[in-house]
Amino acid sequence: MDKTKIETLIEEVPKVLFINGQWQEADGGKQTEVINPATGQVIAHVANAGEKETEQAITAAEKAFPKWSGLTADERGAWLHKMADAIRGAAKDLAVVMTIEQGKPLNQAEAEILSGAACLDWNAEEVKRLKGETIPGPTGELLLVQHEPLGVVAAITPWNFPSAMITRKMAPAIAVGNTVVLKPSPETPLSALALMALFDKIGLPAGVVNIVTGDAKAIGGVLTADNRVRKLTFTGSTAVGKMLFAQSADTVKKLSLELGGHAPFIVFEDANVDKVVADLVAAKFRNNGQVCTSPNRIFVHESIQATFTEKLVSAVEQVKIANGLDENASAGPLIREDAIEKIDKQLDDAKGKGAKILSGGERLTGAEFDDGYFYKPTVITGITKEMAIFYEETFGPVLPIITFNEDDEVIEAANDTLYGLASYFYTNDIGRIAEVGRRLQYGMVGVNSINISYPQTPFGGVKHSGFGRENGAQGLSDYIQVKFLNITYKK
Ligand code: NAD
């Protein structure tokens, strides 16, 4: 792609805060760097805000709330459709911005952006079906249950899906009448700011969405401590999620926490090995394994292990790691140097305890890779529970293989984790599908499928993967509160 065109696209993204419909610098003009993980180069400087600007953003959202929540569902739905149209119209440009700051291949960036538009469209319609109830009371009064928005919603998002994590929070939140203060990840603020610029361009009323980039601790401190913020919706690591959970206790906020995952991927002996290998490689190398639902522990029945690993290694060796701007790239760089250090540490620990690398196992070197954070696609066998990789989320292009013999044994091992987000298993035995599906302690189960995320279906976890759901009817209802009214009308 033409270098000037890329520079122009980055140049055009506002680098400042969006509060009450106005673009403004952080106090004192403070800024932080944004780095391209494929080249290590600084691509932009964005506003580095703190407590004061966060309070301003909350005030703006609070001010916008009465009018926005007073619109009809149809009127708000129309705004969401406009936002979706604007995103679709700019999808190719937004994808370039995302690839430059996050690293994923352009086609994956564009797909993510379009999924955000689909999410806005779906919520625009679903909000029209958010029905209440009338209840036959014991003494003839009119008993009503109605749904109300919460007020100001704070959203804190990660870098791995810099656009979709925002739209999937913002769409249901504003569809039902809330207003939003967003704090995006410091690694990927440009994708978030570019979205805000589009919403500004279509004239979304001031204060309905606000964005504060900068000091995570200071911004998070204000968002959790302020009583005017009635909900915090967070996607990110379990450690930060737990901290924000504790910080929110004092103001008794409603919470949605979408935290880490450590997905088991179970291959039973009757599975179609070719399909499983194709699905596994597609799921693992999407965003280069930096996905909360990425298959992280691959359980393979001992009777098919040899054939399976041979086919897997050969498929993994076809994966092309490159700068995400390269149209042949199947995966890009990792986000930071410490991502590489974490993988090296997990692999060293596993090797020291007897595991064997079949492919990869080290960072990629050479002219095109040396300044970025690239890692070789890796397959490692002989994984046991003594190894850190069995229990720790990896967040990179590593496929650890564990063999098993019995169904009970693999179900127990798959559930032997504090996480409970996504899980997958492959078998054609209907009895086994019902039994394993019932016993896996996960919020999402892909049965002969890696597709577990749609605007229509609830996405979320159990145990330390968090609570609350995004998308689906359940996702919308996480942004409302229920009110009961007894209307006595007989004189
Ligand atoms: P992270 O927890 O480091 O950061 C997430 C967000 O929290 C960022 O915006 C960050 O700036 C902010 N943050 C960090 N410290 C904070 C503080 N003290 N106060 C307020 N905000 C703070 O996570 P990450 O590295 O950006 O993302 C990767 C993690 O996210 C992985 O664990 C992954 O599994 C998880 N994730 C979960 C889901 C899901 O839906 N369950 C989806 C994507 C990613």
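Before reading further, recall that the structure is shown in the block above.
**Looking at the overall build of the protein**
Argument step 1. A count of helical and extended segments in the protein gives 15 helices and 20 strands.
Argument step 2. A globule of 491 residues ought to have a C-alpha radius of gyration of about 23 Å, and the protein, at 23 Å, matches this closely.
Argument step 3. When its C-alpha atoms are laid out on the principal axes, the protein stretches across 80 × 65 × 40 Å.
Argument step 4. Taking all 491 residues of the protein together, the buried fraction comes to 56%.
Argument step 5. Nonlocal contacts in the protein, meaning residues at least 24 apart in sequence, comprise 73% of its contacts between residues at least 6 apart.

**Thoughts on the sheet that holds strand 6 (residues 142-149)**
Argument step 1. Pairing is antiparallel across the open sheet formed by 3 strands, whose spatial order is 5-6-20. A strand with exactly one partner marks an edge of an open sheet, and here the two such strands are strand 5 (133-136) and strand 20 (480-487). The mean angle between the axes of side-by-side strands here comes to 25°, regardless of whether they run parallel or antiparallel.
Argument step 2. Relative to strand 6, strand 5 runs antiparallel, the two being bridged by 4 bridges. Each residue of the ladder has a partner; that of Glu133, found in strand 6, is Val145.

**Considering the site of the ligand**
Argument step 1. Taken together, 29 residues are adjacent to the ligand, and Thr157, Lys183, Ser237, Leu259 and Glu393 come closest.
Argument step 2. Within the side chain of Trp159, one N or O atom sits 2.9 Å away from an oxygen atom of the ligand.
Argument step 3. Residue Glu258 places a main-chain N or O atom 3.5 Å away from a nitrogen atom belonging to the ligand.
Argument step 4. Listed by contribution, the elements that provide at least two residues to the shell around the ligand are helix 7 (216-225), strand 10 (229-235) and helix 8 (238-247).

**Quick word on the sheet that holds strand 12 (residues 263-267)**
Backbone-to-backbone hydrogen bonds pair the strands of a sheet. The strands run either parallel or antiparallel.
Argument step 1. As summarised here, the arrangement of the 7 strands in space is 14-15-16-13-12-17-18, forming an open sheet in which the pairing is mixed. Strand pairing shows two members of the sheet lacking a second neighbour, strand 14 (356-359) and strand 18 (444-447), which therefore form its edges. Between one strand axis and the next, the sheet turns through 25° on average, direction left out of account.
Argument step 2. Here strand 12 runs beside strand 13 (residues 295-301); their pairing, made up of 5 bridges, is parallel. Within strand 13, the position partnered with Ala263 by the bridge is Pro295.
Argument step 3. Packing against the sheet, helix 10 (residues 305-316) makes contact with strand 12, strand 13, strand 14, strand 15 (378-381) and strand 16 (398-404), and its axis sits at approximately 175° to strand 16.
Argument step 4. In the packing of helix 14 (residues 430-439) onto the sheet, contacts are made with strand 17 (422-426) and strand 18, and the angle to strand 17 comes to roughly 165°.

**Looking at the pairing of strand 17**
Argument step 1. Across the 5 residues of strand 17, 5 count as buried, placing the element largely inside the fold.
Argument step 2. Across the two faces of strand 17 the burial is the same, with Ala422, Tyr424 and Tyr426 and Ser423 and Phe425 all buried.
Argument step 3. Relative to strand 17, strand 12 runs parallel, the two sharing 3 bridges. In the strand pairing of strand 17, Val267 is matched with Tyr426.
Argument step 4. Pairing of strand 17 with strand 18 involves 4 bridges; the strand directions are parallel. Opposite Ser423, over in strand 18, you have Val445 as the bridge partner.
Argument step 5. Of the crossover connections in this fold, the one passing from strand 17 over helix 14 to the parallel strand 18 is right-handed.

**So, the pairing of strand 12**
Argument step 1. Most of strand 12 sits inside the fold, with 5 of its 5 residues counted as buried.
Argument step 2. Residues of strand 12 alternate between two faces, with Ala263, Phe265 and Val267 on one and Pro264 and Ile266 on the opposite face, all of them buried.
Argument step 3. Between strand 12 and its parallel partner strand 13, the chain crosses via helix 9 (residues 273-285), and the hand of that crossover is right-handed.

**Brief notes about the packing of helix 4 (residues 106-126) against helix 5 (residues 164-175)**
Argument step 1. Their axes nearest at 9 Å, the elements helix 4 and helix 5 cross at an angle of 10°. Taken together, the axis directions place helix 4 and helix 5 in an arrangement best described as roughly parallel. On helix 5, the residues that touch Glu112, Ser115, Gly116, Cys119, Leu120 and Asn123 of helix 4 are Ala164, Thr167, Arg168, Ala171, Pro172 and Ala175.
Argument step 2. Per-class residue counts for the contact of helix 4 with helix 5 are 6 nonpolar, 4 polar and 2 charged.

**Digging into the pattern of salt bridges**
Argument step 1. Under the defined criterion, the tally for this structure stands at 31 salt bridges.
Argument step 2. Ionic pairing is found between Asp270 and Arg432, a salt bridge with its closest N-O pair at 3.4 Å. One end of the pair, Asp270, is in the loop between strand 12 and helix 9; the other, Arg432, is in helix 14, and 162 residues separate them in sequence.
Argument step 3. For Arg432, a relative accessible area of 11% puts it in the buried group.
Argument step 4. Counted as one network, the salt bridges with shared partners bring together Glu269, Asp270, Asp407 and Arg432.

**Brief notes about the side chain of Thr235**
Argument step 1. Looking at the secondary structure, you find Thr235 in strand 10.
Argument step 2. Judged by its relative accessible area of 8%, Thr235 falls in the buried class.
Argument step 3. In terms of polar contacts, Thr235 uses its side chain to reach the side chain of Lys169, at 2.5 Å.
Argument step 4. Setting aside its immediate chain neighbours within four residues, Thr235 contacts Ile156, Thr157, Pro158, Met165, Lys169, Glu258 and Glu470.

**Thoughts on the nonpolar core**
Argument step 1. Residues Ile87, Met170, Ile174, Val180, Leu182, Phe199 and Val209 are the most contacted members of the largest nonpolar core, which totals 57 residues.
Argument step 2. Considering each element in turn, this core owes the most residues, 14 residues, to helix 3 (residues 73-102).
Argument step 3. Look past the residues within four positions of Val209 in its chain and what remains in contact with it is Phe18, Met170, Ile174, Val180, Met196, Phe199 and Leu204.
Argument step 4. Counting residues in each nonpolar core, the second largest holds 35 residues, with Ala271, Phe369, Ala422 and Met444 among its members.

**Structural notes on helix 9**
For an α-helix the count is 3.6 residues per turn, leaving residues at separations of three or four pointing the same way.
Argument step 1. The terminal C-alpha atoms of helix 9 lie 18 Å apart, and with 13 residues this matches the ideal 18 Å at 1.5 Å per residue to within 8%.
Argument step 2. Buried within helix 9 are the following residues: Val273, Val276, Val277, Asp279, Leu280, Val281, Ala283, Lys284 and Phe285.
Argument step 3. Of the surrounding secondary structure, the elements contacted by the buried residues of helix 9 are helix 4, strand 12, strand 13, helix 10, strand 16 and strand 17.
Argument step 4. Positive phi appears at Asn287, one or two residues downstream of helix 9, with a value of about 55°.

What counts and how
Residues numbered from 1 in each chain as written. Predicted model: local features only at pLDDT ≥ 70, side-chain atom pairs only at ≥ 80, totals over all residues. Heavy atoms only, no water. Helix = DSSP H or I, 4+ residues; strand = E, 2+ residues; numbered from the N terminus. Rg over C-alpha atoms; globule rule 2.2 N^0.38 Å. Buried < 20%, exposed > 50% of the residue type's maximum accessible area, 1.4 Å probe, protein only. Contact = heavy atoms within 4.5 Å. Pairing = 2+ DSSP bridges. Axes fitted to C-alpha atoms, helices over the stretch in contact; angles between N-to-C directions. Near = heavy atom within 4 Å. Polar contact = N/O pair within 3.5 Å; in protein donor to acceptor, adjacent residues only side chain to side chain. Right-handed = clockwise from strand over helix to strand, strands pointing away. Parallel < 35°, antiparallel > 145°, perpendicular 65-115°, else oblique. Nonpolar A, V, L, I, M, F, W, Y, C, P; charged D, E, K, R; others polar. Salt bridge = Lys/Arg side-chain N within 4 Å of Asp/Glu carboxyl O. Core = buried A, V, L, I, M, F, W, Y, C linked by side-chain atoms within 4.5 Å. Expected span 1.5 Å × (residues − 1).

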